[in-house]
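Observations on chain architecture
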Amino acid sequence: MSSSSSSERPGNPVPKTPSRKRTLDSYDEARSKKRRRSSLHCGNVDETEPAPILDSTPKADSRDRFLPSLTTQLPFFPLHSSSPKSQRLARRFGLLDTRVLSYRDEPPHPLVIQAGSDPTLFTRLFCSQQLQSRTLSSLPPTYSAVKHAQVKPIRVLDTGYMHNEFHPHPCSWSSRNVIAAAIRGAIVTHEFETSRVEVLTDRGFAAQTLEWISSSTMAVGRENGFVQTLDIQKDLLTTIGYPWDTGSIWAPRAVDTVSFCPEGQLIAAGRQNGSVAYYDIRARSSIHCDKERPTDDAVTVKWNPDGRYLAVGHDSGVVRCMDIRTFKSFDLKPPDHKKAHKSPVTALAWAPWDTHILASGNEEAQGTIRLWSISGSESGHSTYTHLHSDRCLSEITSLQFSPHTKELLSTHGRYIPHSPSKSRQSRSTRRNSRSRDLLIEPIPTKHALVVHSYPSLKRVYMVPDAHGDAIVESVLSPDGTSIMTIGEDETLRIWAIWGKREEERQRSSLESFTLR
Amino acid sequence: MATKQQSRTPQSISIKGSCDLVTEFFKFGVNQILFHRGVYPSDDFVMVKKYGQTVLVTQDLALENYLDRILKQLNKWLLTGSVTQLVLAIIARDTRVTLERWVFDVTVQEPPPTEDEAPPPTKPEAAIQSEIRRILKQIVSSETFLPNFEDPTVFNILAYTKQSADIPAEEWVDTDPMAIEAGKSQQVKLRSFSTDVHRIEAMVAYRYEE
């Protein structure tokens, strides 16, 4: 029989045995012969024989694919997709001895190029991003930032004649879309919609830092240690904090940073003598002053969104957190270090979607971003956990959480070649050393905007060389989608980074339909 | 203990070689599928000479790392013989519906009992390579009958292991098999290949709704 079939094969494609042809309908002739032959081999299938290629009849695959070694013909029985009970039964009878496993992480998402954006620019950016990631850690999944971010700023403002001397937190963006910046003592406001710029003539001593506390009022911290509120509509300046609140008159006491807490109408002001004072703007007086770290410049203060905690970043690298209900402070320390950071903590950010999550970053040559989780019990005792850290190859000057997605943006200053002696320099000497020409190596995160994913802190998106010089500070727009950066190249730049949250969009589209 | 290991050495070497070969096949097979099924944009792939033909391999570092991590673990499982099936599921990104399942059955072939000490005849590598080449070509050609994807897709790799398998708990989690409902599924058997130790049978199941 086998000899006859092999004699048929080479020359004649036409079947010779009509009786067999009727039983085998949908296959071409060569395959039907193989099938026939193998059936005549009584199940002893030749190893080298290729299996039929396009065999789409369900009958051919009636053998169970979950139990590959089973040769008997079982009806198809989907073991895994069945109920827990039948799974248990199957396991007992030895039918199910496999586990189905998948890898923990999702595979990286492919990049989707939006119709509106410039594809060539986008791919070019992506390529450069990939090149950089060869030297850094891997760059992976990406959602909001990659979809929405634009590689060019949507607006660039010139700070003009202003000298490039900036304080750490010089600007703020109000809910009315007005940007205010303290630039060399003067206060400059810029209305986003109308692009109208106004320079507020300064009275008294220079403004160092400011923050909006309502749509028309801002809190201003001054070089001489006064904390004032300025109503720009009524042009009304009210002093609420005095330099002597902090106790010592001789120590340098310029206000470096202010933060406003809408919950308790409180302003926290960090001064250069290391004190943190709390002012009630209604009472116009100091209610508390924390002087536990004298001479350690409080560089950054930030209230958490529900106004319970205040995070303070010090010049020495210490990050303190104070519970407003007890006025008790505690230092945040990673498990194996004495301090949170090695150098001035210039960047602090609380996550708007989880009021216990704090991110901190420092101004070292090789800055580190750390994530903390602060939790407090009702008895007033607060604890914290160090969640994660990531090293960057340049100074971290500010951090911003996106209110819509779990992403964190960092802005970067310059890269200073690492030397141990330099990292112990204090902030003021560092600032002077900046003006000198340093040997700056081309390191990717230098002068860049980087979007990290939370909580892994993987780099999701990056705008390399966002500014021509170091970025000093960033602020989030009131709608939470754009970022304004202020750089030492004498420009303010506004970047579209994030999109709106998906659910918000869906809800609004649902609301536009009415059901009868 | 030591003598026992020594006596097993020649066999274990061939097992290791076979595992590496199978792992490498999966790497190129998965890349081939991801490219031809359009899961990742075609710009991400570069041509590489392999198995005497050009195959496409991703240059997206994130994806490369991801696959590497999976394949490393697969290699370990192959060495202990604890993996029975590997499935590449292609899923609609938004609805999470499984659209295609590329199933690779892994069978460990028992060496035939030999009375004398003569080593079993080994399969020449050229023969294995030509079998692999045929499977890869079949993956390309199955484009012709597989339905087109309308929406963006993602993929997932599932490993079917034995209960006794050693599983890194941090990295691998139990999951549902992402099966396509039996009534809506069409299955096509692909070619198979075998080394001295393993036999890989390939199959693709796809969602087909009238």
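Residues numbered from 1 in each chain as written. Chains lettered and ligands numbered in written order. Predicted model: local features only at pLDDT ≥ 70, side-chain atom pairs only at ≥ 80, totals over all residues. Heavy atoms only, no water.

A word on the overall build of chain A
Looking only at helices and strands, chain A has nine helices and 29 strands in total. When each of the 516 residues of chain A is scored for burial, the buried share is 49%. Restricting the contact set of chain A to residue pairs at least 6 apart, pairs at least 24 apart contribute 52%. When the accessible area of chain A is evaluated, it comes to approximately 25,300 Å², of which 53% is carbon and sulfur surface. (Helix = DSSP H or I, 4+ residues; strand = E, 2+ residues; numbered from the N terminus. Buried < 20%, exposed > 50% of the residue type's maximum accessible area, 1.4 Å probe, protein only. Contact = heavy atoms within 4.5 Å. Areas by Shrake-Rupley, 256 points an atom, 1.4 Å probe, with all protein chains shown as cover.)

A closer look at the overall build of chain B
Along its length, chain B carries three helices and eight strands. Its helices and strands taken in sequence order, chain B reads α-β-β-α-β-β-α-β-β-β-β from the N to the C terminus. The burial tally for chain B puts 50% of its 210 residues in the buried class. A separation threshold of at least 6 residues defines the contact pool for chain B, and within that pool the share at least 24 residues apart is 70%. When the accessible area of chain B is evaluated, it comes to approximately 10,300 Å², of which 52% is carbon and sulfur surface.

As for the sheet that holds strand β9 (residues 227-231) of chain A
Residues and elements named next belong to chain A. Pairing is antiparallel in the open sheet, where four strands are placed in the order β7-β8-β9-β10. Each end of this open sheet is capped by a strand with a single partner; those strands are β7 (207-212) and β10 (236-241). The average angle at which neighbouring strand axes cross in this sheet is 25°, direction not considered. Where β9 meets β10, five bridges bridge the pair, whose relative direction is antiparallel. Each bridged residue has a counterpart across the sheet, and for Q228 the counterpart in β10 is T239. (Pairing = 2+ DSSP bridges. Axes fitted to C-alpha atoms, helices over the stretch in contact; angles between N-to-C directions.)

Focus: helix α3 (residues 125-141) of chain B
Residues and elements named next belong to chain B. An ideal rise of 1.5 Å per residue puts 24 Å on 17 residues; α3 measures up with 24 Å between its terminal C-alpha atoms. For α3, the complete set of buried residues consists of I128, E131, I132, I135, L136, Q138 and I139. Projected down its long axis, α3 shows its buried positions confined to an angular sector of 155°, all on one face. Residues A126 and K137 are exposed on α3 and point more than 90 degrees away from its buried face. (Expected span 1.5 Å × (residues − 1). Arc of directions from axis to C-beta.)

Topic: the sheet that holds strand β11 (residues 255-261) of chain A
Residue and element names in this part refer to chain A. On the basis of which strands lie adjacent, the open sheet formed by four strands has the order β11-β12-β13-β14 and antiparallel pairing. The strands lining the two open edges of the sheet, one partner per strand, are β11 and β14 (285-290). Sheet twist, expressed as the mean angle between neighbouring strand axes with direction ignored, is 20°. Across five bridges, the pairing between strand β13 (residues 276-280) and β14 is antiparallel. Bridge pairing in β14 links D280 to S285.

A few points about the pairing of strand β1 (residues 98-103) of chain A
In terms of burial, β1 of chain A is largely enclosed, as five of its six residues are buried. Where β1 of chain A meets strand β5 (residues 153-162) of chain B, five bridges bridge the pair, whose relative direction is antiparallel. The residue of β5 of chain B that forms the bridge with L101 of chain A is A159 of chain B. Two strands pair when backbone bridges link them, and β1 of chain A and strand β6 (residues 172-174) of chain B are joined in this way by three bridges, in the antiparallel orientation. Along β6 of chain B, the bridge assignment pairs Y103 of chain A with W172 of chain B.

So, the UniProt feature "repeat: WD" (unreviewed entry) in chain A
Using the residue numbers shown here, the UniProt feature "repeat: WD" (unreviewed entry) corresponds to residues 464-495 of chain A. Between the C-alpha atoms that bound residues 464-495 of chain A there is a distance of 13 Å. The span itself is 0% helix and 53% strand. (UniProt positions renumbered as here; feature names shortened; annotations may be inferred.)

Let's talk about the pairing of strand β2 (residues 53-58) of chain B
Residues and elements named next belong to chain B. Judged by how many residues are buried, β2 sits mostly within the fold: five of six residues are covered. Pairing of strand β1 (residues 45-50) with β2, which is carried by six bridges, proceeds in the antiparallel orientation. The partner of V48 across the bridge, within β2, is V55. Taken together, β1 and the strand that follows it, β2, pair antiparallel across an intervening segment of two residues, in which Y51 is found at a positive phi of about 55°.

Some details on the packing of aromatic side chains
Residues and elements named next belong to chain B. If you walk through the whole model with that rule in mind, you get 18 aromatic pairs over all chains. Look at F35 and F45: their rings are 5.2 Å apart centre to centre, the planes differ by 65°, and that puts the pair in the edge-to-face class. Of the two residues, F35 is situated in helix α1 (residues 2-36) and F45 in strand β1; the sequence distance between them amounts to ten residues. Take F45: its relative accessible area is 7%, and that puts it in the buried class. (Phe/Tyr/Trp six-rings, centres within 6.5 Å; stacked < 30°, edge-to-face > 60°.)

Side note on the side chain of S18 of chain B
Residue and element names in this part refer to chain B. By secondary structure assignment, the location of S18 is in helix α1. Relative accessible area serves as the criterion here: at 6%, S18 is assigned to the buried category. Looking at S18, its side chain comes within polar contact range of the side chain of T195, at 2.7 Å. If near-sequence neighbours (up to four positions away) are discounted, S18 is found in contact with T195, V197 and H198. (Polar contact = N/O pair within 3.5 Å; in protein donor to acceptor, adjacent residues only side chain to side chain.)

Focus: the confidence of the model for chain B
Residue and element names in this part refer to chain B. On average, residues of chain B score 83 in pLDDT, and 88% of them are at 70 or above. Counting interchain partners and residues more than four positions distant, the pLDDT-below-50 stretch residues 1-10 has zero contacts. Here the prediction assigns the complex a pTM of 0.48, and the interface score ipTM is 0.75. (pLDDT = per-residue confidence, 0-100.)

Brief notes about the environment of C321 of chain A
Residue and element names in this part refer to chain A. Mapped onto the elements of the fold, C321 is located in strand β17 (residues 319-323). In this structure C321 comes out as buried when scored by relative accessible area, which is 0%. Along the backbone, C321 and T383 are 62 residues apart, and their C-alpha atoms lie at a distance of 10.0 Å. Discounting residues that sit within four places of it in the chain, C321 has contacts with Y309, L310, A311, K328, S329, F330, L332, W350 and I374.

Topic: unusual backbone geometry
A positive phi is found at N177 of chain A, a non-glycine position, where the angle reads about 65°. Note that N177 of chain A resides in the loop between β3 (171-173) and β4 (178-183).

Some details on the pattern of salt bridges
Residues and elements named next belong to chain B. Overall, the coordinates contain eleven salt bridges over all chains when judged by the stated rule. A salt bridge links R93 to D94; the shortest N-O distance between them is 3.5 Å. Given a relative accessible area of 55%, D94 falls into the exposed group. A single salt-bridge network, built from bridges that share partners, covers R37, E100 and E143. (Salt bridge = Lys/Arg side-chain N within 4 Å of Asp/Glu carboxyl O.)

As for helix α2 (residues 61-80) of chain B
All names here are of chain B. The end-to-end C-alpha separation of α2 is 29 Å, in line with the 28 Å expected for 20 residues at 1.5 Å each. For α2, the complete set of buried residues consists of L61, A62, L63, Y66, L67, I70, L71, Q73, L74, N75, W77 and L78. Looking one or two places after α2, you find G81, whose phi comes out positive at around 70°.

Looking at the side chain of N177 of chain A
The class for N177 of chain A is buried, based on a relative accessible area of 15%. Ignoring any residue separated from it by four or fewer positions in sequence, one finds N177 of chain A in contact with H190, E191, F192, E193 and P478 of chain A.

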